[in-house]
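This is what each chain is made of:
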Amino acid sequence: MWLVIVGVLFAAVSVYYYFRVIQAMYFKEGNSETEAITPSFKWGLIAVAAIVILLGIFPTFILNWLYF
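Cut-offs and rules
Residues numbered from 1 in each chain as written. Predicted model: local features only at pLDDT ≥ 70, side-chain atom pairs only at ≥ 80, totals over all residues. Heavy atoms only, no water. pLDDT = per-residue confidence, 0-100. Helix = DSSP H or I, 4+ residues; strand = E, 2+ residues; numbered from the N terminus. Phe/Tyr/Trp six-rings, centres within 6.5 Å; stacked < 30°, edge-to-face > 60°. Buried < 20%, exposed > 50% of the residue type's maximum accessible area, 1.4 Å probe, protein only.

1. Examining the confidence of the model for the protein
Now for step 1: Per-residue confidence for the protein gives a mean pLDDT of 89, with 99% of residues at or over 70.
Now for step 2: The least confident element of the protein is helix H3 (residues 60-67), whose mean pLDDT is 83; the most confident is helix H2 (residues 39-57), at 94.

As structure tokens, then:
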């Protein structure tokens, strides 16, 4: 029974935080200034996305590295 109570309390706390994000996205005005994305940041995002995709397609690379 105590686990159910703790789970409900944690769920209530998470709803509070998630609704704050939704409120910030839809109900608050943002800055009209847009920041420029630097080329190094763009290439970093591309590299991380490629690594995630490759590890999703071929997970044995990381699994073999962890076991040996």
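2. Looking at the environment of Lys28
Now for step 1: By the element assignment, Lys28 lies in the loop between helix H1 (2-26) and H2.
Now for step 2: Each C-alpha atom of the pair Lys28 and Val6 lies 32 Å from the other, and the pair is 22 residues apart in sequence.

3. A word on the packing of aromatic side chains
Now for step 1: Under the counting rule described, the total for this entry stands at two aromatic pairs.
Now for step 2: Centre to centre, the rings of Tyr16 and Tyr17 are 5.3 Å apart; their planes meet at 75°, and the pair counts as edge-to-face.
Now for step 3: Considering the side-chain rings of Phe58 and Phe61, the 5.9 Å spacing of their centres and the 55° angle between planes classify their relative orientation as tilted.
Now for step 4: By relative accessible area, Phe58 is classed as partly exposed at 42%.

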